[in-house]
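Observations on the model geometry
Residue-level listing of the chains:
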Amino acid sequence: MTWIDAAPALACLDDTARAALAPLGPVEVPKGTVLFRPGDAVQGFVLMLEGRIEVFLTGANGRELLLYAVEPGQTCVQTTLGLLGEASYSGEAITTQTSRLVLVPRPVFLKLMESSAGFRSLVFAAMAVRMEDLIRLMERVSFQSVESRLAGWLVARAEAGRVAATHAEIAVQIGSAREVVSRRLDAFARRGWVRTERGAVELCDAAALSKLAATETV
């Protein structure tokens, strides 16, 4: 079995795409590897087989915003747009888990976009899903209060009633500032909804947090 056969997301590929991709080999990328930074040229199309990549946008004030994560079967919209429109990266990508991926060189990518209906379908379908994710992100940042975004993120990320993350990491995830997150967590703690400790947040009233996430707007 080849790496193509082992990836469910690639089941739609036709023989043309399989023949072009078969010579390419997966590479393992350690956790914490920076894959690209703003201004870098796009080198190729990434097919994620295992792991997780997070793509961030950094403002002039140094604040970071998590745009999206790339997991197996998903794609990086910045890479796709860069390959199709010859634009440089505007964000930064880093592996948050040890990842296994295949880099499709630009010439191969462009040739397959012309010759393989299956490959085109794969790229555009993944791109459509990613664009929907970005629209939902803009809606949350624009129309949801910080309290709502924070409450929803805590409930979604909790494992056994606990979230292992620093205030700075949470701020990046919800598109806010560390100081703001700290103040909101203190307010949640006074209400008895959470208990904070160094590098973690314990959820004491997940129901209250879920209600806030569903109803609170700016």
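First, a word on scope: everything that follows refers to the structure included in this document. Every residue gets a number counted from 1 within its own chain, in the order that chain's sequence is written. In keeping with the model being predicted, local features are shown solely for residues with a pLDDT of at least 70 and side-chain atom pairs are shown and tallied solely at 80 or more, while totals for entire chains, interfaces and linings include all residues. Side-chain measures here rest on the full set of heavy atoms in the structure, leaving out hydrogens and waters.

**Let's talk about helix α7 (residues 178-191)**
The condition is simple: Strands here mean DSSP runs of E at least two residues long; helices mean DSSP runs of H or I at least four residues long; both are numbered from the N terminus. The span you would expect from a helix comes to 1.5 Å times its residue count less one. Note on classification: 1.4 Å probe, protein chains only; a residue is buried when its accessible area is under 20% of the maximum for its type, exposed when over 50%, partly exposed between these limits. Note on contacts: a residue pair qualifies if any of its non-hydrogen atoms lie within 4.5 Å across the two residues.
Given a rise of 1.5 Å per residue, 14 residues ought to cover 20 Å, and the 20 Å separating the end C-alpha atoms of α7 matches this to within 8%. Residues of α7 that are buried: V180, V181, S182, L185, A187 and F188. Those residues of α7 hidden inside the fold are in contact with α5 (146-157), α6 (167-174), β9 (194-197), β10 (200-203) and α8 (206-215). Trailing α7 by a residue or two, G192 shows a phi angle of about 85°, which is positive.

**A closer look at the sheet that holds strand β1 (residues 27-29)**
Condition: Strand pairing is assigned whenever DSSP detects at least two bridges linking the two strands. Interaxial angles span 0 to 180 degrees and are taken between N-to-C directions of axes, which are lines fitted to C-alpha atoms, for helices over the stretch in contact.
As summarised here, the arrangement of the three strands in space is β1-β7-β3, forming an open sheet in which the pairing is antiparallel. Of all the strands in the sheet, just β1 and β3 (44-50) have a single pairing partner and so form its edges. Strand-to-strand twist of the sheet, defined as the mean angle between neighbouring strand axes without regard to direction, takes the value 40°. Sitting on the sheet, helix α3 (residues 106-115) touches β3 and β7 (99-105), and the angle it makes with β7 is about 70°.

**A word on the sheet that holds strand β2 (residues 34-36)**
Strand order across the open sheet formed by four strands is β2-β6-β4-β5, with antiparallel pairing between neighbours. Looking along the sheet, the strands with just one partner apiece sit at the ends: β2 and β5 (64-70). With strand direction ignored, the average angle separating the axes of adjacent strands in the sheet is 30°. By the bridge criterion, four bridges tie strand β4 (residues 53-58) to strand β6 (residues 92-95) in an arrangement that is antiparallel. In the strand pairing of β6, E54 is matched with I94. Strands in contact with α6 are β4 and β5; relative to β5, the strand with the most contacts, it is inclined by about 70°.

Bear in mind that shape data such as this cannot, by itself, settle questions of function.
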